[in-house]
Amino acid sequence: MKGSCNFWRCANRVGLFLAILFAICFLWFYINPVEQEMHLSMFRISYLGFEEMNFTGFVLGAVQSYLWAYVGLGVWQLVGYCFKPSECCKN
C-alpha cells in the first residue's frame with residue numbers, strides 16, 4: 001500500500017500543515033504587533049492550556065494543531081468521506 005493514501009498519511013500531512021500554520025500565526029504576533037491582546041485572547045480560546053506567548057504556549061498550540069487534524073479527518077471519515085488516492089495524496 002505504498003502508493004495509496006490512507007487515514008494516517010492524510011492526517012499526518014494535514015497535521016503538519018496546521019502546525020506550520022500555527023507557527024506562522026505565533027510569529028505574526030511579533031512581526032505585526034497590532035491588537036496583540038486580541039491575538040493572545042484568540043489563542044487562549046482556541047488552545048487548551050494556552051496562557052502566554054512563550055515556549056510552553058508554542059508547544060501546546062503546535063501539538064494541539066497537529067492532533068486536531070486527526071480529529072477532523074476522523075469526523076470527515078465518519079460522515080461518509082472515502083479516501084481515494086487521487087483525492088488526498090499525490091505520489
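Residues numbered from 1 in each chain as written. Predicted model: local features only at pLDDT ≥ 70, side-chain atom pairs only at ≥ 80, totals over all residues. Heavy atoms only, no water.

## Things to note about the pattern of salt bridges
Thinking step 1. Scanning the entire structure with this criterion turns up two salt bridges.
Thinking step 2. As a salt-bridge pair, Arg44 and Glu37 come within 3.7 Å of each other at their nearest N and O atoms.
Thinking step 3. Classification of Arg44 by relative accessible area gives partly exposed; the value is 32%.
Thinking step 4. What makes Glu37 exposed here is its relative accessible area of 53%.
Thinking step 5. For Arg44, the salt bridge goes to Glu52, with nearest N and O atoms at 3.3 Å.
Thinking step 6. Three or more residues are tied together by salt bridges with common partners; here these are Glu37, Arg44 and Glu52. (Salt bridge = Lys/Arg side-chain N within 4 Å of Asp/Glu carboxyl O. Buried < 20%, exposed > 50% of the residue type's maximum accessible area, 1.4 Å probe, protein only.)

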